[in-house]
Amino acid sequence: MSITSSLQSLKLSSPFLHGSTSLSLLSKPNSSVTPQPSKALTFLPPIKAMRSMQGRVVCATNDKTVSVEVVRLAPHPKYKRRVRKKKKFQAHDPDNQFKVGDYVQLEKSKPISKTKAFIAVPVPLRERPVKAETGELGIPLESQQPQEQQS
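It should be emphasised that the depicted structure is a prediction, and the values quoted were computed from it without experimental measurement.

Rules of the game
- Residues numbered from 1 in each chain as written.
- Predicted model: local features only at pLDDT ≥ 70, side-chain atom pairs only at ≥ 80, totals over all residues.
- Heavy atoms only, no water.
- Helix = DSSP H or I, 4+ residues; strand = E, 2+ residues; numbered from the N terminus.
- Buried < 20%, exposed > 50% of the residue type's maximum accessible area, 1.4 Å probe, protein only.
- Contact = heavy atoms within 4.5 Å.
- Areas by Shrake-Rupley, 256 points an atom, 1.4 Å probe, with all protein chains shown as cover.
- Core = buried A, V, L, I, M, F, W, Y, C linked by side-chain atoms within 4.5 Å.
- pLDDT = per-residue confidence, 0-100.
- Salt bridge = Lys/Arg side-chain N within 4 Å of Asp/Glu carboxyl O.
- Patch = residues over 30% accessible without salt bridge, like charges linked within 9 Å, V, L, I, M, F, W, Y side chains within 5 Å.
- Pairing = 2+ DSSP bridges.

This part takes up the overall build of the chain. Counting its regular elements, the chain contains two helices and five strands. Mapped in sequence order, the helices and strands of the chain form the string α-α-β-β-β-β-β. Within the chain, the fraction of its 151 residues that count as buried is 15%. Contacts in the chain between residues at least 24 apart in sequence constitute 45% of all its contacts with a sequence separation of at least 6. Carbon together with sulfur atoms contributes 56% to the accessible area of the chain, which is approximately 14,400 Å² in total.

Okay, here's the thing in structure tokens:
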């Protein structure tokens with residue numbers, strides 16, 4: 001009986017006994033030394049990664065559909081050398097304007113069919129500067145040098 005009477009005489013003063021603590025006391029404690037300034041909400045635009053890709057048309061036989069091969073460079077998992085990875089996508093071509101070999105840009109859209117979720121858009125060709133024909137060393141060839149008249 002002495003054990004039970006000693007246990008009854010002990011008063012445990014813990015606020016966590018029998019669920020007597022409110023939830024506000026269980027939240028993170030606020031430090032009164034360094035008050036946290038309220039941050040103003042700033043609008044950040046969503047990141048649009050991989051919304052468009054460029055590739056080459058490899059098949060244009062289907063009606064209003066082209067198959068586009070996209071080539072990307074990815075590091076090899078073991079050797080860390082960059083290797084070409086190819087993947088074919090089906091793209092919507094509403095006017096059947098693209099032929100095999102054309103370069104197109106794939107714009108992501110809502111799914112058009114089971115395999116088509118891109119729309120093919122033409123890519124303007126880059127203008128490359130025209131170089132004068134020179135030898136390997138950058139010296140004009142003999143046939144392109146002005147002929148001097150000997151008299």
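From this point, things continue past the structure.
Further remarks concern the nonpolar core. Counting residues in each nonpolar core, the largest one holds 12 residues, listed as Met53, Val57, Val66, Val68, Val70, Phe89, Ala91, Phe98, Val104, Leu106, Phe118 and Ala120. Counting residues per element, the ones that place at least two in this core are strand S1 (52-59), strand S2 (65-75), strand S3 (82-92), strand S4 (103-108) and strand S5 (116-122). Top element by residues in this core is S2. It accounts for three residues. Discounting chain neighbours no more than four positions away, the residues touching Val104 are Met53, Gln54, Gly55, Val57, Val68, Phe98, Ala120, Val121 and Val123.

So, on to unusual backbone geometry. Although it is not a glycine, Lys64 sits at a positive phi angle of roughly 60°. Tracing the chain through its elements places Lys64 in the loop between S1 and S2.

Let us now look at the confidence of the model for the chain. With 58% of its residues at a pLDDT of 70 or more, the chain has an overall mean of 77. Confidence, expressed as mean pLDDT per element, reaches its minimum in the chain at helix H2 (residues 23-26) with 56 and its maximum at S3 with 96.

The next thing to look at is the side chain of Glu69. Position of Glu69 relative to the elements: it lies in strand S2. Apart from residues lying up to four places away in sequence, Glu69 is in contact with Gly55, Arg56, Val58, Lys86, Lys87 and Lys88.

Counted according to the given criterion, the structure contains one salt bridge. A salt bridge links Arg56 to Glu69, with the nearest nitrogen and oxygen atoms 3.9 Å apart. Note that Arg56 is positioned in strand S1 and Glu69 in strand S2, a separation of 13 residues in sequence. Of the residues examined, Arg56 reaches a relative accessible area of 32% and is grouped as partly exposed.

So, about a nonpolar patch on the surface. A cluster of nonpolar side chains, namely Ile112, Ile119 and Val121, defines an oily patch on the protein surface of about 190 Å² accessible area. Note that Ile112 resides in the loop between S4 and S5.

In the sheet, S2 pairs with S3 via 11 bridges, with the strands oriented antiparallel. In the strand pairing of S3, Thr65 is matched with His92. From the end of S2 to the start of S3, which pair antiparallel, there are six residues, and Lys80 there has a positive phi angle of about 60°. With three bridges connecting them, S3 and S5 associate as parallel partners. Bridge pairing in S5 links Ala91 to Phe118.

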